[in-house]
Amino acid sequence: MQSGVATETPKTAQRIGVPREVFLGEKRVATVPDVVGKLVKLGFSVAVESGAGDLANFSDEVYRAAGAEVIEGAAKLWAASDIVFKVRGPTADEVALMHEGQTLISFIWPAQNPDLMQLLAARNVTALAIDSLPRTLSRAQKMDALTSMAGVSGYRAVIEAANAFGRFFNGQITAAGKVPPAKVFVAGAGVAGLAAIGTAASLGAIVRANDTRAEVADQVVSLGGEFVKVDFVEEGSGGGGYAKVMSEGFQQAQRAMYAQQAKEVDIIITTALIPGKPAPKLITAEMVQSMKPGSVIVDMAGEQGGNCELTVPGEAVVRHGVTIVGYTDLASRLAKQSSTLYATNLFRLSEELCKTKDGVINVNMEDDAIRGLTVVKQGSITWPPPAPKPAATPPAAPKTAAAAVAKKAHGHGAPSEPMAGSKLAIMFGVAAALFWLIGANAPKEFLSHFTVFVLACFVGYMVVWNVKPALHTPLMSVTNAISSIIAIGALVQISPIAGAANRPDSLITWVAAAGIVLTAINMFGGFAVTQRMLAMFRK
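Residues numbered from 1 in each chain as written. Predicted model: local features only at pLDDT ≥ 70, side-chain atom pairs only at ≥ 80, totals over all residues. Heavy atoms only, no water.

### Notes on the sheet that holds strand 19 (residues 380-381)
Logical step 1: The strand order across the open sheet built from eight strands is 3-2-1-4-5-6-18-19, with neighbouring strands paired in mixed fashion. Each of the sheet's edge strands pairs with one partner strand only, and the pair in question is strand 3 (69-71) and strand 19.
Logical step 2: Of the strand pairs in this sheet, strand 1 (residues 15-18) and strand 2 (residues 45-49) are connected by four bridges, and their pairing is parallel. Bridge pairing in strand 2 places Gly 17 opposite Ala 47.
Logical step 3: Set on the sheet, helix 11 (residues 335-353) makes contact with strand 4 (83-85), strand 5 (103-106) and strand 6 (126-129); between it and strand 5 the angle comes to about 140°. (Pairing = 2+ DSSP bridges. Helix = DSSP H or I, 4+ residues; strand = E, 2+ residues; numbered from the N terminus. Contact = heavy atoms within 4.5 Å. Axes fitted to C-alpha atoms, helices over the stretch in contact; angles between N-to-C directions.)

### Some remarks on the pairing of strand 15 (residues 296-299)
Logical step 1: Going residue by residue along strand 15, you find Val 296 and Val 298 tucked away on one face and Ile 297 and Asp 299 tucked away on the opposite face as well.
Logical step 2: After leaving strand 14 (residues 267-270), the chain enters helix 10 (residues 285-290) and then returns to the sheet as strand 15, a path that is right-handed. (Buried < 20%, exposed > 50% of the residue type's maximum accessible area, 1.4 Å probe, protein only. Right-handed = clockwise from strand over helix to strand, strands pointing away.)

### Describing the nonpolar core
Logical step 1: Membership of the largest hydrophobic core comes to 46 residues, with the highest contact counts inside it found for Phe 85, Tyr 342 and Leu 349.
Logical step 2: By size, the runner-up hydrophobic cluster in this structure holds 31 residues, among which are Phe 165, Ala 209, Val 296 and Leu 330. (Core = buried A, V, L, I, M, F, W, Y, C linked by side-chain atoms within 4.5 Å.)

### Looking at the packing of aromatic side chains
Logical step 1: One pass over the full model with this rule turns up six aromatic pairs.
Logical step 2: Between the aromatic rings of Phe 185 and Tyr 258, the centroid separation amounts to 5.5 Å while the plane-to-plane angle is 70°, which identifies the pairing as edge-to-face. Here the residue Phe 185 occupies a position in strand 9 (residues 183-187), and Tyr 258 occupies one in helix 9 (residues 248-264), the gap between them amounting to 73 residues.
Logical step 3: Judged by relative accessible area, which is 3%, Tyr 258 ranks as buried. (Phe/Tyr/Trp six-rings, centres within 6.5 Å; stacked < 30°, edge-to-face > 60°.)

### Re the sheet that holds strand 11 (residues 226-227)
Logical step 1: Across the sheet, seven strands lie side by side as 11-10-9-14-15-17-16; this open sheet has mixed pairing. Only two strands of the sheet have a single neighbouring strand rather than two, namely strand 11 and strand 16 (316-319).

### Some words on the environment of Leu 282
Logical step 1: Looking at the secondary structure, you find Leu 282 in the loop between strand 14 and helix 10.
Logical step 2: Relative accessible area serves as the criterion here: at 7%, Leu 282 is assigned to the buried category.
Logical step 3: Not counting residues within four places of it along the chain, the set of residues in contact with Leu 282 comprises Ala 187, Gln 254, Tyr 258, Ala 272, Met 287 and Asn 307.

### Description of unusual backbone geometry
Logical step 1: Note the cis peptide between Trp 383 and Pro 384, where omega equals 0°.
Logical step 2: Phi at Asn 57 takes a positive value of approximately 65°, unusual for a residue other than glycine.
Logical step 3: Checked against the element boundaries, Asn 57 lands in the loop between strand 2 and helix 2 (60-66).
Logical step 4: Positive phi, close to 60°, is recorded for Asn 124, a residue that is not glycine.

### Looking at helix 9
Logical step 1: For helix 9, built from 17 residues, the straight-helix expectation of 24 Å at 1.5 Å per residue is met to within 8% by its first-to-last C-alpha distance of 25 Å.
Logical step 2: For helix 9, the full list of buried residues reads Phe 250, Ala 253, Gln 254, Met 257, Tyr 258, Gln 261 and Ala 262.
Logical step 3: On its buried face, helix 9 is in contact with strand 9, strand 10 (206-210), strand 14 and helix 10. (Expected span 1.5 Å × (residues − 1).)

### Structural notes on the packing of helix 6 (residues 145-164) against helix 11
Logical step 1: At a minimum axis separation of 9 Å, helix 6 and helix 11 run at an interaxial angle of 170°. Of the possible angle classes, the one that applies to helix 6 and helix 11 is roughly antiparallel. Within the contact between the two elements, helix 6 uses Ala 145, Ser 148, Met 149 and Val 152 and helix 11 uses Ser 338, Leu 341, Tyr 342 and Asn 345.
Logical step 2: Partitioned by chemical class, the residues of the contact of helix 6 with helix 11 number five nonpolar, three polar and no charged. (Parallel < 35°, antiparallel > 145°, perpendicular 65-115°, else oblique. Nonpolar A, V, L, I, M, F, W, Y, C, P; charged D, E, K, R; others polar.)

### Examining the packing of helix 6 against helix 7 (residues 191-202)
Logical step 1: Remark: helix 6 packs on helix 7, axes separated minimally by 7 Å, with the N-to-C direction vectors making an angle of 40°. Note on packing geometry: the crossing formed by helix 6 with helix 7 is right-handed. Residues Thr 147, Ala 150, Gly 151, Gly 154, Tyr 155 and Val 158 of helix 6 lie in contact with helix 7, whose contacting residues are Val 191, Ala 192, Ala 195, Ala 196, Thr 199 and Ala 200. (Left-handed = near helix turned anticlockwise from the far one by under 90°.)

### Some thoughts on the environment of Glu 26
Logical step 1: Looking at the element boundaries, Glu 26 is found in the loop between strand 1 and helix 1 (33-41).
Logical step 2: On the accessibility criterion, Glu 26 (5% relative accessible area) is buried.
Logical step 3: On a C-alpha basis, the gap between Glu 26 and Asp 329 in space is 7.1 Å, while along the polypeptide they are 303 residues apart.
Logical step 4: Every residue in contact with Glu 26, bar those within four places of it in the chain, is listed here: Glu 21, Leu 55, Val 87, Arg 88 and Ser 332.

### Section: the pairing of strand 9
Regular strands place their side chains on alternate faces of the sheet.
Logical step 1: For strand 9, the buried fraction is high: four of the five residues fall into the buried class.
Logical step 2: Sheet topology places strand 9 next to strand 10; five bridges connect them, and they run parallel. Across the sheet, Val 184 pairs through a bridge with Val 207, a residue of strand 10.
Logical step 3: Following the chain from strand 9 across helix 7 to the adjacent parallel strand 10, one finds a crossover that is right-handed.
Logical step 4: Relative to strand 14, strand 9 runs parallel, the two being bridged by four bridges. Bridge pairing in strand 14 links Phe 185 to Ile 268.

Laid out in structure tokens, this is it:
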């Protein structure tokens, strides 16, 4: 007689399918051989359509060697896959190949593609839009494909500009004459803009940049650029790492600044995008006409209509003697690199979806990151996601006496003012009286040592204070090495001059020897660390 206890059916590992991209000119592939092995370790099996990685220089043989199955034909691959990794959103023909219960992970852009959303819902599938990842979550950074692709695109934009430009980027003095450095203006200092700034600066160009978000000014400067401000005060952060639509007054001031930059620079790179809206028009036809012949504009917003009025999406055209590059496949032009980064982003997402490492994903709608990504769940449209839950507000800390004093001194939280002359005189008077009191009652030897100690503290503070914060670590490591001069004391203790009490078998001798060994490590280690740290700042 059989027992009435039910046994749970073991879960079957799911298969991840990677089809060849059908979008015209798309060279990227959704996973790469190096990532296939990692997906297999999570419990998945991986299938790749034959030729899917050819344009990114990943052959079928390399995929097979990594543990993937290579399947001929898109229809067969879609039918055999439980989960599909793609780069571009699926076409209507590809959606028709999907089956009930299947999961799609790719760029979808739900706000711009409502018809695609309806097609996916009609197939009763689950769709995760990698472009809808909540970027404000710190743990979501490892899955942020938008950032990965924007960094590649920003780098490639500078390469395209250099290709179309007729001179060097860096200034040179040769026997044939002097070559001035190129002047580059980057409109928008998001991820793509910062990548462009860093690349152009590393090539030797004079780089300027602007963004509606004032907080990125320090990042621009840190990459070697100059932040150009708009003569209009308005906060431009739109939340989630994006900019917002600015007021008409700000836009007029911004256009005036762009018009001035267009007359001065050789290359303009535009990166301005606002989620769910057409790209803002920043560069007018009049600005293009005012640029020097041979100048270049690289419009990275070409796919959303372009930031320049004369941009032709997908093409490079010449207008008024200015080359306007409107390519929509900048990331795809570095297919191997961008495919590797994108594949890593999808692998990190797979880790979140399959925490049990049994090859079965769990689309957990209670997880803020997964909920934000999920635009269709088992045939139901779940986009847009609800607003994230507000973080719990910690209880207000009681006001301490120190806080009350600081508040009174600085005017209710205002920035501290320089110390008044009278207060400074009183402070020095008290310090002098304290010093006299110590000197009158302390031994002579103590006073001399104390004086050296105070002066050393003052000089050390002034030296460190006037050094850039980025150099504090190498500075401290070299001063640490120099401070190992205390090894002289240990040398004196083990020398014959130290006296008969310092016998070879005495405790002092062994302590001094150990001190010499430790200070020697400190000295050489300090200088070694300094050299390694300073090497990071050298080009």
